[in-house]
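The residues making up each chain are set out below.
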Amino acid sequence: MSTKSKDISTPNTGSLHKFGDLWNEFSQNTGFHGVNKLSGITSRHKIRWLLWTCIILSCGVYLTVTVVAELKHYYTYPSTMTQYTQPQNEIEFPTVTICDLNSLNKSAIKNDSRIDSYYFNISPLGIYSNVKTNWSDPFFEQEGFYRNQTFDDVMTDHKHILDPGGILSKASFHFNYLDVRKYFKVKLTRSGPCLTSNPDMKIKTNNVGSVFHLTLMLDLDSANNYYGITYGEGLQFLVHDPNEDPIFQGVSGFYVEPGRDVYASVTKKQFEYLPKPYEAMENVFCREHKNDDGSEYYRSSCYRDCLSSYLLDRCNCLPYTHNNTYYCSKFDLATCIMKATGDYYNISKLVDKCDCPLSCSYTHYDVSLTSSLFPSDFYSEKLFDFVGVKDLNYYRKNYISLHIYFDQLSTTISKQVPKYSSAGDIFANLGGQMGLFLGASIVTLTELLEFLVFAVWTLVCNLRSRENRVEKIAK
């Protein structure tokens, strides 16, 4: 009489109640590597059985640790930065902002020791001052120190910029002269009026190199220098995105002394970061390019608005850095603003208190400078015929020739991308780990699950059989 072998897939009572047969069936047919070495071991092969047991358990433990670490890493939302260069047929010129380090016009300010003391106290030298301004003196009210200033009031005390005979004496682009009043405008800053490119008049170029450039000829009128924002003499120029405010962007710019012919090579860079939950930097999340009201978000604008709210709440007025009809009076600038910020020209301590996260997308311009003496002894004689001043020292102490050009027609893009582009990547990593340590796959995991189900079922059946036997004995 023939007997049929019992199959694990047909769980009759005879097979399910024998756990050893269930294990032998699983170990001999599973896809897990090495498990078949753990069945059918005789007393002579116990060392071999022990060895394979240790190997498989070690691989299983290490695999578990690796899988847990991989899953934890996945939920930290890791990312990597990629960088590539995007060539362009033409490229838009950035905004250029130029500030005279000695913007105040000495000849326009009344020669009085009390006024001199006022400007001394708000200058960098103010930290050494031991003389307080006597604001009870009616002189200050007569001179309008308590009156909110208008744009024209501010411009009266500073050197002319765009007017004939102002700082910007000539501008050209690709050898074509520009209408300075059309292509440039005045921007008020804490240090006074600055010259900036008009964002509505965009200039594009399809040429590279120092031959094709934006050229600015500037006369700083050094003879009328007064208390400035630094101890130095010259100008500060900044190259930035037209939508950003360089005063609040953290762009320090470059400082150029008079008597220099400066060539500024510009390279455009664009940064793109992933929004939350990805970290743009360690413990830093960026903010997407839209505000809640749908307007564009710029970090520098956020800082400016933060400063506006802070000073408006405490001083009930706004400094020059904000577009407004009226600005703080000179009294407010010297008292409330100084007290609120700690330093009239330095707002970094206040900016640190603002909640203005990094923008998820922004443009930055790298600039490298080279310069030479301006003008040369030979050309100074030729300039006499055009300018009318026959004094070489005058040019060396006042004039700066600034050339700005692109080094290449391309944009370097740094882009943050997820390390795991989809859930399939984490499964691929986990599958590779499982295959390396135990030769496991989704199919073998299904086999293991099936074995565990049958093992539990066998245990339950054995417990029921034992209870039935105990009841029969009790009867």
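Residues numbered from 1 in each chain as written. Predicted model: local features only at pLDDT ≥ 70, side-chain atom pairs only at ≥ 80, totals over all residues. Heavy atoms only, no water.

Enquirer: Pulling in residues and values, what's your account of the overall build of the chain?
Expert: The helix and strand inventory of the chain stands at 15 helices and 14 strands. Looking at the chain as a whole, 42% of its 475 residues qualify as buried. Pairs at least 24 apart in sequence give 75% of the contacts found in the chain among residues at least 6 apart. With an accessible surface of roughly 27200 Å², the chain has 54% of that area assigned to carbon and sulfur atoms. (Helix = DSSP H or I, 4+ residues; strand = E, 2+ residues; numbered from the N terminus. Buried < 20%, exposed > 50% of the residue type's maximum accessible area, 1.4 Å probe, protein only. Contact = heavy atoms within 4.5 Å. Areas by Shrake-Rupley, 256 points an atom, 1.4 Å probe, with all protein chains shown as cover.)

Enquirer: Got a sec to walk through the nonpolar core? Specific residues and values, please.
Expert: If you look at the biggest cluster of nonpolar residues, it comprises 33 residues, and the most contacted ones within it are Ile98 and Leu216. Of all the elements in the fold, those that place two or more residues in this core are strand S3 (95-100), strand S4 (168-173), strand S9 (214-219), strand S10 (235-240), strand S12 (260-272), strand S13 (361-373) and strand S14 (399-418). The contact partners of Ile98, leaving out residues within four places of it in the chain, are Cys194, Leu195, Leu216, Leu218, Leu235, Gln236, Phe237 and Leu402. (Core = buried A, V, L, I, M, F, W, Y, C linked by side-chain atoms within 4.5 Å.)

Enquirer: Before we move on, could you go through the environment of Leu312 and cite the residues and values that matter?
Expert: Locating Leu312 in the fold gives a position in helix H9 (residues 299-315). In the structure, Leu312 is positioned 16 residues away from Cys328 in sequence and 9.8 Å away in space, judged by C-alpha atoms. Not counting residues within four places of it along the chain, the set of residues in contact with Leu312 comprises Cys317 and Leu318.

Enquirer: Lay out the pairing of strand S6 (residues 184-189) with the relevant residues and their values.
Expert: Pairing geometry for S6 and strand S7 (residues 192-197), over six bridges, is antiparallel. Bridge pairing in S7 places Val186 opposite Leu195. Hairpin connection, S6 to S7: the antiparallel pair is bridged by two residues. (Pairing = 2+ DSSP bridges.)

Enquirer: Describe empty space enclosed by the protein, naming the residues involved and giving the relevant values.
Expert: Per the stated rule, a full pass over the model turns up four cavities of 30 Å³ or more. Lining the second largest cavity are Glu92, Phe93, Pro94, Thr95, Ser197, Asn198, Pro199, Met201, Lys202, Ile203, Leu214 and Pro242. When the residues that make up the lining of the second largest cavity are grouped by side-chain class, the tally is seven nonpolar, three polar and two charged. (1 Å grid on protein atoms, 1.4 Å probe; cavity = no way out; pocket = protein on both sides within 12 Å on 5 of 7 lines; lining within 4 Å. Points joined across faces, edges and corners; volume = space filled by probe spheres on them. Nonpolar A, V, L, I, M, F, W, Y, C, P; charged D, E, K, R; others polar.)

Enquirer: Requested: an account of a nonpolar patch on the surface, with residues and values cited.
Expert: Where nonpolar side chains cluster on the molecular surface, the patch consists of Leu71, Tyr75 and Tyr77 and spans about 300 Å² of accessible area. With respect to the helices, strands and loops of the structure, Tyr77 is situated in the loop between helix H3 (46-74) and strand S1 (79-87). (Patch = residues over 30% accessible without salt bridge, like charges linked within 9 Å, V, L, I, M, F, W, Y side chains within 5 Å. Salt bridge = Lys/Arg side-chain N within 4 Å of Asp/Glu carboxyl O.)

Enquirer: Could you give me a rundown of the packing of aromatic side chains, with the residues and numbers involved?
Expert: Inspection of the entire model under this criterion finds 24 aromatic pairs. Taking 6.1 Å as the distance between ring centres and 65° as the angle between the ring planes, the aromatic pair formed by Tyr394 and Tyr399 counts as edge-to-face. Of the aromatic side chains, those joined through ring pairs into one cluster are Tyr118, Tyr119, Phe120, Trp135, Phe139, Phe140, Phe145, Tyr146, Tyr226, Tyr227 and Phe331. One Lys or Arg, Lys276, reaches over the ring of Phe285 and ends 5.1 Å from the middle of that ring. (Phe/Tyr/Trp six-rings, centres within 6.5 Å; stacked < 30°, edge-to-face > 60°. Lys NZ or Arg CZ within 6 Å of the ring centre and 35° of its normal.)

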